[in-house]
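Here is what each chain is made of, one letter per residue.
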Amino acid sequence: MLTIKNKKIAKEWKDHSKDWITCTRCPLHCHSKNVVLCRGSLPCQVLFIGEAPGRDEDSCGEPFVGISGELLNTAIEAVISTQTEFTYAITNTVGCIPLDVTENDSGRLITSKLRQPRPNEMDICKPRLVDIIRIASPQKIVCLGEVALKNLRSMIEGTIYWDVTRLRHPSYVLRNGGVRSQEYYTFIEGLENVVKGLQT
Ligand code: SF4
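Residues numbered from 1 in each chain as written. Predicted model: local features only at pLDDT ≥ 70, side-chain atom pairs only at ≥ 80, totals over all residues.

Caption draft 1: Representation of the overall build of the protein chain. Secondary structure assignment for the protein chain yields 7 helices and 8 strands. In terms of overall size, the protein chain behaves like a compact globule, its C-alpha atoms giving a radius of gyration of 17 Å where 200 residues would be expected to give roughly 16 Å. Dimensions of the protein chain, computed from C-alpha atoms along their principal axes, come out at roughly 55 × 45 × 35 Å. In the protein chain, which comprises 200 residues, the share counted as buried stands at 36%. Of the contacts made within the protein chain by residues no fewer than 6 positions apart, 72% connect residues no fewer than 24 positions apart. (Helix = DSSP H or I, 4+ residues; strand = E, 2+ residues; numbered from the N terminus. Rg over C-alpha atoms; globule rule 2.2 N^0.38 Å. Buried ≥ 20, exposed ≤ 12 C-beta atoms within 10 Å, placed from the backbone. Contact = placed C-beta atoms within 7 Å.)

Here it is as structure tokens:
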């Protein structure tokens, strides 16, 4: 769900989403059910940027709604329980699910396997991310994983200053023990540092 309190931003978001939800700029649109844009609040103090939508996100059109999203929500709730106000939004490096597919001779899908987005796909999708960063206008950006960080660095280096932090992707935390693991505590610690540094 997306909450937008400001009328000007609501108008900007409407224009932005109208353009991108029907996007066919890169080949990823061929096998995606939905272009996944953003959830949370706009504007926000912290913008989380993940890698790409997975199957749950592709089905419902919202980022981080599967088990990775649950872990992220749990971590955010644990960290913000003492904060009087904390606003955040979540998006991804690309808007469509990246899949390797095999098809039969008549073009019917036989198998599909999740993969990382390719550099050309991330490049083509950059204007969508630039728009979201501009509309979200966050104090801090948290990249979830190395792919998101590399992509963001290539976009902003030498042009705009953003306070950027990299945390592990929630799916990595899940693969390495989940909410009872050292990786999760490290994730929480990183998130606490992000929240502590926010200006109120
Ligand atoms: S990944 Fe981005 S550029 Fe490619 S089709 Fe989806 S929204 Fe468009």
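Caption draft 2: Here's a closer look at the sheet that holds strand 1 (residues 2-4). Across the sheet, 6 strands lie side by side as 1-2-4-3-7-8; this open sheet has mixed pairing. Edge positions in the sheet fall to strand 1 and strand 8 (163-167), since each has one partner strand and no second. Taken over all neighbouring pairs, the strand axes of this sheet differ in orientation by 25° on average, direction set aside. Pairing analysis gives 2 bridges linking strand 2 (residues 39-42) to strand 4 (residues 88-92), with the strands arranged antiparallel. Each residue of the ladder has a partner; that of G40, found in strand 4, is A89. Here helix 5 (residues 146-156) sits on the sheet in contact with strand 3 (46-50), strand 7 (140-144) and strand 8, set at roughly 135° to strand 7. (Pairing = 2+ DSSP bridges. Axes fitted to C-alpha atoms, helices over the stretch in contact; angles between N-to-C directions.)

Caption draft 3: Broad picture of the site of the ligand. Surrounding the ligand, one finds 15 residues, the nearest of these being C23, C26, G95, C96 and C125. Of all the elements, helix 4 (residues 119-136) adds the most residues to the shell around the ligand, at 4 residues. For the shell around the ligand, the residue count by class is 9 nonpolar, 3 polar and 3 charged. (Near = placed C-beta within 6 Å. Nonpolar A, V, L, I, M, F, W, Y, C, P; charged D, E, K, R; others polar.)

Caption draft 4: Broad picture of the packing of helix 3 (residues 67-80) against helix 7 (residues 182-196). Look at helix 3 against helix 7: their axes get within 10 Å of each other, and the N-to-C directions meet at 50°. Our classification of the angle between helix 3 and helix 7 gives oblique. Viewed along their axes, helix 3 and helix 7 form a crossing whose handedness is right-handed. For the pair formed by helix 3 and helix 7, the contact residues are A75, A78, V79 and I80 on the first element and F187, I188, L191, E192 and V195 on the second. Residues of the contact of helix 3 with helix 7, tallied by class, amount to 8 nonpolar, no polar and 1 charged. (Parallel < 35°, antiparallel > 145°, perpendicular 65-115°, else oblique. Left-handed = near helix turned anticlockwise from the far one by under 90°.)

Caption draft 5: View of the nonpolar core. Core analysis: the largest hydrophobic core is formed by 45 residues, its most contacted members being L47, F48, I49, A89, A136 and V142. Of the residues forming this core, the biggest block, 7 residues, is contributed by helix 4. F48 has contacts with Y88, I90, V142 and L144, leaving out every residue within four places of it along the chain. (Core = buried A, V, L, I, M, F, W, Y, C linked by C-beta atoms within 7 Å.)

Caption draft 6: Fine view of helix 5. Listing the buried residues of helix 5 in full gives V147, A148, N151 and L152. Buried residues of helix 5, seen end-on, are gathered within an arc of 125° and therefore sit on one face of the element. Exposed residues on helix 5 whose side chains face more than 90 degrees from its buried face are R153 and S154. Looking at the packing, one finds that the buried side of helix 5 touches strand 3, helix 4, strand 7 and strand 8. (Arc of directions from axis to C-beta.)

Nothing here speaks to function; it is all geometry.
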